[in-house]
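# Observations on the model geometry
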Amino acid sequence: MSQLSQRPEKPAVGLPLPHESANLHVTGAALYTDDLIHRTKDVLHAHPVQVMKAHGRITALRTGAALAVPGVVRVLTAADVPGVNDAGMKHDEPLFPDTVMFHGHAVAWVLGETLEAARLGAAAVEVELDEQPSIVTLAEAIEAESFHGARPVMVAGDVAAGFADSVHVFTGEFRFSEQEHFYLETHAALAHIDEAGQVFVQSSTQHPSETQEIVAHVLGLHSHEVTVQCLRMGGGFGGKEMQPHGFAAVAALGARLTGRPVRVRLNRTQDLTMSGKRHGFHAAWKIGFDAEGRIQALDATLTADGGWSLDLSEPVVARALCHIDNTYWIPHARVAGRIAKTHKVSNTAFRGFGGPQGMLVIEDIMGRCAPLLGLDPTELRERNFYREGQHTPYGQPVTHPGRISAVWEQVKENGGLADRRREIAAFNAAHPHTKRALALTGIKFGISFNLTAFNQGGALVLIYKDGSVLINHGGTEMGQGLHTKMIQVAATALGIPLHKVRLAPTRTDKVPNTSATAASAGADLNGAAVKNACEQLRARLLEVAGTQLGVNASDVRIVDGVARALGSDRELAWDELVRTAYLQRVQLSAAGFYRTEGLHWDAKAFRGSPFKYFAHGAAATEVEVDGFTGAYRIRRVDIVHDVGDSLSPMIDIGQVEGGFVQGAGWLTLEDMRWDTGDGPNRGRLLTQAASTYKLPSFSEMPEEFHVTLLTNATEEGAVYGSKAVGEPPLMLAFSVREALRQAAAAFGPAGTAVELASPATPEAVYWAIEAARAAETSRAVGTSVLSNA
């Protein structure tokens, strides 16, 4: 086992600890970015000037009336930008645009003594617009051939030969919706300037280093003149990876021009109408199976709704292509990706980052095709699992493919699936107007950033003379428990009790050039960097301890805060050891670093090994559906998930539960709607609040919810043998959608295949039920667009 994976005696990792800020969260004492305004003197408040049209060129912008509003201090426009008027890494997102690109686009910002003054000032700004035609839907973009960015193509084997060898060939289309992040804390930033002209920004951001970079180039400064800090976030889910930069830049620009602190905090409606979502996709596909139901060939085109600018759409589409195989061996494949340019908010990262979209396509295909092949969906999936020695369509070997089957079989056993299926069959036979179904789906999710350069992490660990330890790392805390895990990693690596370790807020002047806390790589990268720094310190302290104990440093072990010599009863307490080291002028701080090894990726050829490893999981979901309304309830969920050797089991189980519920929300509830008519509100987001955008709540939770972490699953080459847990569990919710499909089909004759819209709202389920009822027994295809060529 590698040094990175090996655990010492009595490790702090692996203990089921509560979140390090749990007490602060539940008592309301935890500070978030916007809480800091109450601790800051003379704060100005910023309010956006939004234009409520989907597309148009600004012909006039008059701010005089706003400046006459009592309490208004300044109106920020493009003329005020001393550096680059752009808030995006692709240089296609002007901070103060001259062309409105989506309904609600902010073209200026008003600074006021109060938020109300700023709001009234923003309402007084006059904007004249030369309105232009707009593209709002994916279908419109495809018809108009409105695309931007890269158009990757992934090719494996010989697709034509694969289809020629196929006994069954099916074609279809699939359109599925966006998803709103709906984090509890909306976008927020607070900026001030010190006496030396240095810019300090408190930001709710998953990527402080990139926020720093954007703020610096907007202000025309070097990065060392800008510091960004993130205390914590009230949720991020990817929505704060790229999108906070512009809001931080507005706050920093306002502070630079006025000399006063400036606060930007979006209300919920502003956040919903101004920030990007999970990319909605359209998929057109053709798939071939042999006589036994094994996939022979796949030809697909995935089109993502990128919105008005590129943001992270290119890597999102790349990851979707890399995950369209999910757990299935596809020997011959051609999958093309493209990004539609529409006049909507710029869509962005969201938990899973394109992976869920790619995996949903193949799972939808399997669910639709299984009845047409005369196979149970579970059997069809099992027949196509990866086996030893096989590789993905982009050329990466699938290591530990046995874990795909391991989690699958354990779910079957834990959930008593065989007995429950018999019970469900009996229930359905006795209840013509209510049906139950049980579906089982699995996941294989690649862990690492697709861009190899992002797979690096840094840390700074400080030991003080009294033996206390302060750790700084490049990851941000958004409620996912990263800081908790880092404290456990540091305590384990140093061999000291957890109470000795404290974690500092994430700041760009402590750990530079960090990657975003994203791609589920936060614990992998930052944990390895923290471990590296602690091991440097530990090595120095072992030398001191060896001298004090009269043995070689290699014969000293530090466990539970005590240094002991092997084969001897001599020992030295941690606090005494640290003080002795200080008196001997031994350095008690260390910078740690980690880079993920073994990665390579050719984006043009779309070939390589972009992922360090794959995370696996399986979920079985049982649902009950009402045949009159399409309403349903989730009766039971059983999950087995592979997190390697868990760093913090309580945190990881919480992540699995939360990810599953968020995925179920995307697939069954969260129906984002836009005004696509030709009226004056074309392009307006219609679902602007929780009253119109349905989020998962307690009533949607499974009545029984069983989560088990896979045991004996050490991941060689990862920090303390652990695996990422942030994103993969979201895709376990495919089992909910597939169970709903099977329950709807149960209202028709045996072997009925039904289409199911996504999200599978009760209305969508009702129409699937109606299609099943109308199906002809001899054909059992219903209204499906599937065609058996």
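No experiment lies behind these values; they were computed from the predicted model shown. (Residues numbered from 1 in each chain as written. Predicted model: local features only at pLDDT ≥ 70, side-chain atom pairs only at ≥ 80, totals over all residues. Heavy atoms only, no water.)

## Points about the overall build of the protein
The following threshold applies: The secondary structure listing takes helices from DSSP runs of H or I that are at least 4 residues long and strands from runs of E that are at least 2 residues long, numbered from the N terminus. Based on C-alpha atoms, the radius of gyration is set beside the globule rule, defined as 2.2 Å times the residue count to the power 0.38. Categorising residues by exposure relies on relative accessible area from a 1.4 Å probe, with only protein chains included: less than 20% of the type maximum marks a residue as buried, more than 50% marks it as exposed, and the intermediate range marks it as partly exposed. Contact between two residues is taken to exist if any of their heavy atoms lie within 4.5 Å; hydrogens are not considered. In this charge count, Lys and Arg are treated as positive and Asp and Glu as negative; neither His nor the chain ends contribute. Throughout, a charge is located at the NZ atom of Lys, the CZ atom of Arg, the CG atom of Asp or the CD atom of Glu.
Regarding its fold elements, the protein presents 19 helices and 30 strands. By the compact-globule yardstick of 28 Å for 789 residues, the protein fits well, its C-alpha radius of gyration being 28 Å. Each of the three principal axes of the protein carries a C-alpha extent, and together these read 85 × 80 × 50 Å. When burial is assessed residue by residue, the protein has 61% of its 789 residues classed as buried. In the protein, once contacts between residues fewer than 6 apart in sequence are set aside, the share between residues at least 24 apart is 81%. Charged side chains of the protein number 71 positive and 86 negative; the gap between the two group centres comes to 2 Å.

## A look at the sheet that holds strand S27 (residues 613–626)
Operational definition: Pairs of strands are assigned from DSSP output, requiring at least two bridges between the strands. Convention adopted: a line fitted to C-alpha atoms gives each axis, helices being fitted over their contacting stretch, and angles between N-to-C directions are expressed from 0 to 180 degrees.
Taken in spatial order, the 4 strands make up an open sheet running S16-S27-S28-S29, and their pairing is mixed. Edge positions in the sheet fall to strand S16 (434–447) and strand S29 (704–709), since each of these pairs with one other strand and no more. Pairwise comparison of adjacent strand axes, ignoring direction, gives a mean angle of 15° for this sheet. Across 9 bridges, the pairing between S27 and strand S28 (residues 632–641) is antiparallel.

## Considerations on the sheet that holds strand S20 (residues 506–507)
Taking strand neighbours across the sheet as the criterion, the 8 strands line up as S3-S5-S1-S12-S9-S10-S11-S20 in an open arrangement whose pairing is mixed. In this open sheet, the two edge strands, each paired with only one partner strand, are strand S3 (72–76) and S20. This element, helix H3 (residues 115–124), spans strand S1 (44–51), S3, strand S5 (105–112) and strand S12 (262–265) of the sheet and lies at about 25° to S1. Across the sheet, helix H6 (residues 208–219) lies against strand S10 (199–203), strand S11 (226–230) and S20, angled at about 145° from S11, the strand it touches most.

## Let's talk about the pattern of salt bridges
To keep things clear, this is the line we draw: We define a salt bridge as a contact between a side-chain nitrogen of Lys or Arg and a carboxyl oxygen of Asp or Glu at a distance within 4 Å.
Summed over all chains, the structure comprises 53 salt bridges. A salt bridge links Glu-571 to Arg-564; the shortest N-O distance between them is 3.2 Å. Using a relative accessible area of 38% as the deciding quantity, one classes Arg-564 as partly exposed. Salt-bridge contacts for Arg-773 lead to Glu-770; the nearest nitrogen and oxygen are separated by 2.9 Å. Taken as a pair, Arg-773 and Glu-770 lie in helix H19 (residues 762–774) at a separation of 3 residues, close to a single helical turn. Put simply, Glu-363, Asp-364, Arg-368, Arg-381, Arg-737, Glu-738, Arg-741 and Glu-755 are held in one network by salt bridges that share partners.

## Some words on the environment of Arg-422
Position of Arg-422 relative to the elements: it lies in helix H13 (residues 417–430). Overall, the relative accessible area of 55% leaves Arg-422 in the exposed class. Sequence-wise, Arg-422 and Gly-481 are 59 residues apart; in three dimensions their C-alpha atoms are separated by 40 Å.

## Observations regarding the nonpolar core
The criterion, for reference: What makes a nonpolar core is a set of buried Ala, Val, Leu, Ile, Met, Phe, Trp, Tyr and Cys residues whose side-chain atoms join them at distances within 4.5 Å.
Core analysis: the biggest nonpolar cluster contains 103 residues, and Ile-287, Phe-289, Leu-302, Val-625, Ile-639, Phe-660 and Leu-740 have the highest contact counts within it. The residues contacting Leu-302, other than those within four sequence positions of it, are Phe-281, His-282, Ala-283, Ala-320, Leu-321, Ile-324, Val-335, Ala-336, Gly-337, Arg-338 and Val-361. Ranked by size, the runner-up nonpolar core spans 53 residues in total, among them Ala-518, Ala-529, Ala-545 and Tyr-594.

## Here's the deal with helix H18 (residues 734–745)
Threshold: Multiplying 1.5 Å by the helix residue count minus one yields the expected span of that helix.
The terminal C-alpha atoms of H18, which comprises 12 residues, lie 17 Å apart, in line with the 16 Å expected from a rise of 1.5 Å per residue. With 11 of 12 residues buried, H18 lies mostly within the body of the structure.

## Examining the packing of helix H17 (residues 649–668) against H18
Let me state the cut-off plainly: With respect to orientation, any angle under 35 degrees is reported as roughly parallel, any angle over 145 as roughly antiparallel, any angle of 65 to 115 as roughly perpendicular, and every other angle as oblique.
Contact geometry for H17 and H18: axes closest at 8 Å, N-to-C directions at 45°. Comparing the axis directions of H17 and H18 gives the class oblique. Touching Phe-660, Ala-664, Trp-666, Leu-667 and Thr-668 of H17 are Phe-734, Ser-735, Val-736, Arg-737 and Leu-740, all from H18.

## Here's the deal with the side chain of His-105
Mapped onto the elements of the fold, His-105 is located in strand S5. Dropping the residues within four chain positions of it, His-105 is found in contact with Val-49, Gln-50, Val-51, Pro-97, Thr-99, Val-100 and Trp-308.

## Observations concerning the side chain of Asn-455
Inspection of the secondary structure assignment puts Asn-455 in the loop between S16 and strand S17 (456–463). A residue is classified by how much of its surface remains accessible, and Asn-455, at 4% relative accessible area, is buried. Setting aside its immediate chain neighbours within four residues, Asn-455 contacts Ser-448, Phe-449, Leu-525, Tyr-594, Arg-595, Thr-596 and Leu-599.

## Digging into helix H9 (residues 313–322)
Among the 10 residues in H9, 8 count as buried, and that is most of the element. Every buried residue belonging to H9 is among Ser-313, Val-316, Val-317, Ala-318, Arg-319, Ala-320, Leu-321 and Cys-322, and all of these are buried.

## What to know about the pairing of S11
Let me state the cut-off plainly: Clockwise travel from the first strand over the helix to the second, with the strands pointing away from the viewer, marks a crossover as right-handed.
Burial within S11 is extensive, with 5 of its 5 residues counted as buried. The alternating pattern of S11 places Val-226, Val-228 and Cys-230 on one face and Thr-227 and Gln-229 on the opposite face, and all of these are buried. Bridge count between S10 and S11: 4 bridges; the pairing is parallel. Following the sheet pairing, Val-201 is matched in S11 by Val-228. As a crossover connection, the stretch from S10 through H6 into S11 is right-handed.

## Here's the deal with the packing of aromatic side chains
The following threshold applies: Aromatic pairing here means that ring centres of Phe, Tyr or Trp (its six-membered ring) are within 6.5 Å. Orientation follows from the plane angle: under 30 degrees is stacked, over 60 is edge-to-face, and everything else is tilted.
Scanning all chains against the criterion turns up 17 aromatic pairs. Each ring, one from Tyr-394 and one from Trp-601, has its centre 6.0 Å from the other, and the planes form 80°; the classification is edge-to-face. Highlighted residues: Tyr-394 in the loop between helix H11 (377–383) and helix H12 (402–415) and Trp-601 in strand S25 (residues 600–602), separated in sequence by 207 residues. Consider the rings of Phe-611 and Phe-614, whose centres lie 6.1 Å apart with planes at 65°: the pair is edge-to-face. Judged on exposure class, the residue Phe-611 and its partner Phe-614 are both buried. A network of ring pairs unites the aromatic residues Tyr-394, Trp-601, Phe-606, Phe-611 and Phe-614 as a single cluster.

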